[in-house]
There are 2 protein chains.
Amino acid sequence: MRKSKKERQLLLQETIADTPFITDEELAEKFQVSIQTIRLDRLELSIPELRERIKNVAEMKLDDEVKSLQIEEVIGEIIDLQLDESAISILEIKKEHVFNRNQIARGHHLFAQANSLAVAVINDELALTAKANIRFTRQVKENERVIAKAKVVKGESEKGRTTVDVKSYVGSEIVFSGVFDMYRSNPTQR
Amino acid sequence: MRKSKKERQLLLQETIADTPFITDEELAEKFQVSIQTIRLDRLELSIPELRERIKNVAEMKLDDEVKSLQIEEVIGEIIDLQLDESAISILEIKKEHVFNRNQIARGHHLFAQANSLAVAVINDELALTAKANIRFTRQVKENERVIAKAKVVKGESEKGRTTVDVKSYVGSEIVFSGVFDMYRSNPTQR
């Protein structure tokens, strides 16, 4: 059943607060209204469009600075970073990321985004991947935007290692998940 | 103890037959002689230099043709392919594959080589990675040459999946191993 406009706008605000990178198309589908309705809702609520929301986040200074690699070596754009805690990055899937034949994103690009985020979150000059257990749960297509979220898992790793959990989403759907076991030069910093 | 020249040349021939992409440097270390000695041995035995050996292999027509992706989409160069059986590829680690800071090859390039080989070995128009369990066992440096060997594991997969085992080597040292669980559109072809 369709919600009243008031209900919908309330839920819309909550949804965008929880998942700021959701597209108008995804919102329209979620609330079973037209994209135009979502745009009007956003206007009334003074919620900027997605492109602006991403820009705002990207322009905020990160709380922490990447230590383990050069920031331009990260695949995707880091928009949040708490060293040894968590990190978020965005990767736009373009033509060069997909198979020619079916426009499905190639696994190694999703892996590269997640893996480099797992490196970046480590508060150490040296961080290298020892092993990883990964899962591709939904095909990602050209022009989709993948949000990777990394979380450092506390107190479960082998000596000298740090476990990083990465989940990647398109909208609210999980497309990739991985558990990365990272070497670091200075494990006592944890 | 050093071997006699005759013994060494016999072992050298065997070693190159077993691991055709071994470098003169690696051979020199293995037999504890100078690189110059290895070169003279090769001359006497009429064994071409590594670059030629790779070219010869690359110029041989592959027994099978890649079906699941376009051959130029494979990361590395495929030098052997038996569809639904096994495949081998070579990737030269260059400047663009390593971290600026320490010249260590980035994990996602080794992953990409192995993953695309696991796709290429599948005898199907559609092959996608469902999950993977991977391990980086030794750092790979700039200018090293990684040989990935994929083997299709028979009769152990979930329905509609094919398991591919990939091991990657520098010389005789294993640097990466992975078990890839592949979706395919036509599992009955196995």
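Look a little higher up for the structure.
Since we're looking at a predicted model, the values are computed, not measured. Numbering of residues starts from 1 in every chain and runs along the sequence as written. Just so you know, chain letters begin at A and ligand numbers begin at 1, following the order they were written in. With the structure being a predicted model, the display of local features is reserved for residues of pLDDT at least 70 and the display and counting of side-chain atom pairs for 80 or more, all residues being used for whole-chain, interface and lining totals. As a rule here, side-chain values come from all non-hydrogen atoms in the structure, and water together with hydrogens is ignored.

A. The arrangement of the nonpolar core in detail. With 80 residues, the main nonpolar core has A:Ile134, A:Val164, A:Phe180, B:Ile134, B:Val164 and B:Phe180 as its most contacted residues. Once residues lying within four places of it in the same chain are set aside, the contact partners of B:Phe180 are B:Phe111, B:Ala114, B:Asn115, B:Ala118, B:Thr129, B:Lys131, B:Ala132, B:Ile134, B:Thr162, B:Thr163, B:Val164 and B:Val166. Joining through side-chain atoms within 4.5 Å is the link that ties buried Ala, Val, Leu, Ile, Met, Phe, Trp, Tyr and Cys residues into a set, and such a set is a nonpolar core. Three labels apply to residues, based on accessible area from a 1.4 Å probe with only protein chains included: buried if under 20% of the type maximum, exposed if over 50%, partly exposed otherwise in between. Residues count as neighbours in contact if any of their non-hydrogen atoms are within 4.5 Å of one another.

B. Quick look at the pattern of salt bridges. By definition, a salt bridge exists where a carboxyl oxygen of Asp or Glu is found within 4 Å of a side-chain nitrogen of Lys or Arg. Counted under the stated rule, the structure contains 26 salt bridges over all chains. A:Arg145 is the partner of A:Glu92 in a salt bridge, and the nearest nitrogen-oxygen pair spans 3.5 Å. Within this pair, whereas A:Glu92 is found in strand 2 (residues 86-92), its partner A:Arg145 is found in strand 4 (residues 145-153), the two being separated by 53 residues in sequence. Under the relative-accessibility criterion, A:Glu92 is labelled partly exposed at 34%. Looking at A:Arg145, the relative accessible area reads 19%, which means it is buried. Across the pair B:Glu173 and B:Arg138 runs a salt bridge, and its minimum N-O distance is 3.2 Å. Secondary structure follows DSSP: runs of H or I at least 4 residues long count as helices, runs of E at least 2 residues long count as strands, and numbering of each begins at the N terminus.

C. Structural detail: the sheet that holds strand 1 (residues 77-82) of chain A. For two strands to count as paired, DSSP must find a minimum of two bridges between them. The strand order 1(A)-2(A)-4(A)-5(A)-6(A)-3(A)-3(B)-6(B)-5(B)-4(B)-2(B)-1(B) describes an open sheet built from 12 strands, whose pairing is antiparallel. With partners counted over all chains shown, the strands left at the sheet margins are strand 1 of chain A together with strand 1 (77-82) of chain B, one partner each. When strand polarity is set aside, the average angle formed by the axes of neighbouring strands in this sheet is 20 degrees. The pairing of strand 4 of chain A with strand 5 (residues 161-170) of chain A spans 7 bridges and is classified as antiparallel. Along strand 5 of chain A, the bridge assignment pairs A:Ile147 with A:Tyr169. Think of each axis as a best-fit line through the C-alpha atoms, taken over the contacting stretch in the case of a helix, with angles from 0 to 180 degrees between the N-to-C directions. Packing against the sheet, helix 5 (residues 107-120) of chain B makes contact with strand 3 (127-136) of chain A together with strand 1, strand 2 (86-92), strand 3 (127-136), strand 4 (145-153), strand 5 (161-170) and strand 6 (173-184) of chain B, and its axis sits at approximately 45 degrees to strand 6 of chain B.

D. Region of the structure containing the interface of chain A and chain B. Taken residue by residue, the interface counts 31 residues in chain A and 31 residues in chain B. At the boundary of chain A with chain B, total buried surface from both sides reaches about 2700 Å², with 50% on carbon and sulfur atoms. Our count for the chain A to chain B interface comes out at 2 salt bridges. Across the salt bridge formed by A:Glu125 and B:Arg101, the nearest N and O atoms sit 3.8 Å from each other. Across the side of chain A that touches chain B, the residue classes break down as 13 nonpolar, 11 polar and 7 charged. Taken together, the 5 bridges between strand 3 of chain A and strand 3 of chain B define a ladder with antiparallel strand orientation. Using a 1.4 Å probe, buried area is obtained as the accessible area two parts lose upon being combined, added over both of them. Ten residues, namely Ala, Val, Leu, Ile, Met, Phe, Trp, Tyr, Cys and Pro, are considered nonpolar, four, namely Asp, Glu, Lys and Arg, are considered charged, and the remaining ones, Gly among them, are considered polar.

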